[in-house]
Amino acid sequence: MRLSRYFLPVLRDVPKEAEIVSHRLMLRAGMIRQQASGLYSWLPLGYKVLMKVQKIIEEEQNRSGAIQLLMPTIQSADLWRESGRYDAYGKEMLRIEDRHEREFLYGPTNEEMITDIFRAYVKSYKDLPLNLYHIQWKFRDEVRPRFGTMRSREFLMKDAYSFDLSQEDAVKAYERMFVAYMRTYARMGLTAIPMRADTGPIGGDLSHEWIVLADTGESAVFCDRRLLDKPIPGPDTDFRGDLRPIFEDWTSLYAATEEMVDMAEYEAAVPEEFRVSARGIEVGHIFYFGTKYSEPMKATVTGPDGKEITVHMGSYGIGPTRLVPALIEAFHDDAGIIWPVSVAPFEAVLINLKAGDAACDAACDKLCAELEAAGIDMLYDDRDQGAGAKFTTADLIGIPYQIILGPRGLAAGEAEIKHRKTGERETLPIADAVARLKGLIEPQRKTDI
RNA sequence: CGGAGUAUAGCGCAGCCUGGUAGCGCACCUGCUUCGGGAGCAGGGGGUCGCGUGUUCGAAUCACGCUACUCCGACCA
């Protein structure tokens, strides 16, 4: 992608409304634009990151056996009356009336709708277990939206729903999602710690949320330091097998958010040298809630003995529009964002130091074409601007590798690679640049960690 | 929902107290010179001063009302 032809409205000054670093950087890097309180447009660079995050989520959901579909944003009030949540949900739910004065709502979540789909088609125990998910915009009319897309009113959420014959089976479904979540965050380069959580208005009695440690996080958390370097289950994990040992391994060490923490229990469970008391950002939340929805909504299947069985359900949420700022909170420095390769909007940026110079343009055009042909997601800064402006932009938007070529290097037959994360620079023959960048980038794509 | 605050060009701000017809930096456009860490010079374009009502000969400026947005607290992917 040639930057001169791209749409990247970077800001020199920080808009005054932005308080936390991720919000500031998303605005400065031209990733988002606020349209109203808690409502954002995703500009091309931001959207590209959002889609990379979404793709990783999809791949790991699919790997775990969940099946993707898509439900609408607008839902009928009648469905929510069946579960009793139409009245229970309160003002956070955006209620809408259509031209016929029928009542609708902009979905804050989809338990009712997925249960409706399930009960319409699934009649036999032989069709279980089943886990259906979608990635769709949600709306919750937050009292106080803030921190950019971290807490917006309209947000994208991956929500999965599991259906099982018994509590025992439902817990297995819960464990599959648990492992899928561990892998999802790891592929984005994030260290996210599963913590026992309050079940909130969704209800239920088994719940974990994943927390990324960050000073700007909204919740206080207490956990065992040994959770931070625990190895993540690999790509060969058998999701049809017994995941109990992995689940127990991860949940054996103490970790809880402020709503759930019992300080005496925490101090008893965690030796002092391993205690971590910090702030964190919630990036995912999973629940087992039994028959809370299947019971009132009559989601049943016929069992082997011919009797009706009310299914046990769980729901599993990750917010991609929150993960993007969470990633920035985790990965940035004074100069800007530092994307992990797996979610970077571009994997490398080619900086033409003297755009307009015929020889330099020709060499850069050729190198860029070769890098693209090698499968690298490239941004090509071909703008007619000073070198400083280009370096500043590249640093700000956080592209993992900068490959720098100018008249001086061209005369020597050399290009330079700058590693955004470490600041390290290496000079190498132009002819070696493609192989070198490929070698650096490919292992970091984490497509099969 | 309680408390505090802001609203003037795309962004950041000054002007308001003490009313006299709007300014600075960046960005943008043109030309020339530049080109390894946000280049220089010269010229240029762009504003219903959030909205409404009032006071006044005259309102960005004073008064009243409204709206939007932000921050702090109670709630949440």
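Further up the page is the structure itself.
Predicted, not measured: the structure shown is a model, and the values here were computed from it.

## Concerning unusual backbone geometry
Line of reasoning, step 1. For the bond running from Leu128 to Pro129, omega is 0°, close enough to zero to count as cis.
Line of reasoning, step 2. In this fold, Pro129 is placed in the loop between α5 (111-121) and β7 (130-139).

## Side note on the pattern of salt bridges
Line of reasoning, step 1. Within the structure shown, the criterion is met by 35 salt bridges.
Line of reasoning, step 2. A salt bridge links Arg2 to Asp382, with the nearest nitrogen and oxygen atoms 3.0 Å apart. Of the two residues, Arg2 is situated in the segment before α1 (21-28) and Asp382 in the loop between β20 (378-381) and α11 (387-397); the sequence distance between them amounts to 380 residues.
Line of reasoning, step 3. By relative accessible area, which is 14% here, Asp382 ends up buried.
Line of reasoning, step 4. Across the pair Arg445 and Glu347 runs a salt bridge whose closest N-O atoms are separated by 2.6 Å. Here Glu347 lies in the loop between β18 (336-337) and β19 (348-352) and Arg445 lies in the segment after α13 (433-441), a separation of 98 residues in the sequence.
Line of reasoning, step 5. Assessed through its relative accessible area of 5%, Glu347 is described here as buried.
Line of reasoning, step 6. Through salt bridges that share partners, Lys55, Glu59, Glu60, Arg63, Arg183 and Arg187 make up one connected network.

## A few points about the protein's contact with RNA strand B
Line of reasoning, step 1. Around RNA strand B there are 42 residues in total, and Arg12, Arg144, Arg151, Glu282 and Arg425 lie nearest to it.
Line of reasoning, step 2. Within 4 Å of the protein, the atoms of RNA strand B are drawn from sugar and phosphate moieties in a proportion of 47%.
Line of reasoning, step 3. Here a base nitrogen of RNA strand B and a side-chain polar atom of Arg146 are 2.9 Å apart.
Line of reasoning, step 4. One nitrogen or oxygen atom from the side chain of Asp395 is found 2.3 Å from a base nitrogen belonging to RNA strand B.

## Quick look at the packing of α1 against helix α9 (residues 320-330)
Line of reasoning, step 1. One way to put it is that α1 packs onto α9 with a least axis distance of 8 Å and a crossing angle of 105°. In terms of their interaxial angle, α1 and α9 are classed as roughly perpendicular. Residues Val21, Ser22, Leu25 and Met26 of α1 touch α9, and the partners they reach there are Val324, Pro325, Ile328 and Glu329.
Line of reasoning, step 2. Here the residues of the contact of α1 with α9 sort into six nonpolar, one polar and one charged.

## Side note on the sheet that holds β20
Line of reasoning, step 1. Judged by pairing direction, the sheet is mixed, and its five strands sit side by side in the order β20-β19-β21-β22-β23 without closing on themselves. Taken across any chain shown, the strands that pair with only one partner, and hence form the sheet edges, are β20 and β23 (425-429). Each strand of the sheet is rotated relative to its neighbour by a mean of 20°, with strand direction disregarded.
Line of reasoning, step 2. Sitting on the sheet, α11 is in contact with β19, β20, β21 (401-405) and β22 (414-419), with an inclination near 175° to β19.

The rules we used
Sequence order as written defines residue numbering, which begins from 1 separately in each chain. Each chain is given a letter, starting from A, and each ligand a number, starting from 1, according to the order in which they appear as written. Under the rules for a predicted model, residues below a pLDDT of 70 receive no local features and side-chain atom pairs below 80 are neither given nor counted, while totals for whole chains, interfaces and linings still include all residues. Values shown for side chains rest on all heavy atoms present in the structure; no hydrogens or waters enter the calculation. Runs of H or I in DSSP of at least four residues are treated as helices and runs of E of at least two as strands, each being numbered from the N terminus. The working definition used for a salt bridge is a side-chain nitrogen of Lys or Arg within 4 Å of a carboxyl oxygen of Asp or Glu. Partly exposed residues are those whose accessible area sits between 20% and 50% of the maximum for their type, while under 20% is buried and over 50% is exposed, using a 1.4 Å probe and protein chains only. Any residue with a non-hydrogen atom lying within 4 Å of a molecule or strand is treated as near it. For the purposes of these results, a polar contact is taken to be a pair of N or O atoms within 3.5 Å, where, inside protein, one atom must be able to donate a hydrogen and its partner to accept one; residues adjacent in sequence count only when each atom of the pair is a side-chain atom. Helix axes are fitted to C-alpha atoms over the stretch in contact, other axes to C-alpha atoms as well, and angles between N-to-C directions run from 0 to 180 degrees. Oblique is the label for any angle not under 35 degrees, not over 145, and not in the 65 to 115 range, which are roughly parallel, roughly antiparallel and roughly perpendicular in turn. We call two residues in contact when some of their heavy atoms are within 4.5 Å. Residue type decides the class: Asp, Glu, Lys and Arg count as charged, Ala, Val, Leu, Ile, Met, Phe, Trp, Tyr, Cys and Pro as nonpolar, and the leftover types, Gly among them, as polar. Strands are treated as partners if at least two bridges between them are detected by DSSP.

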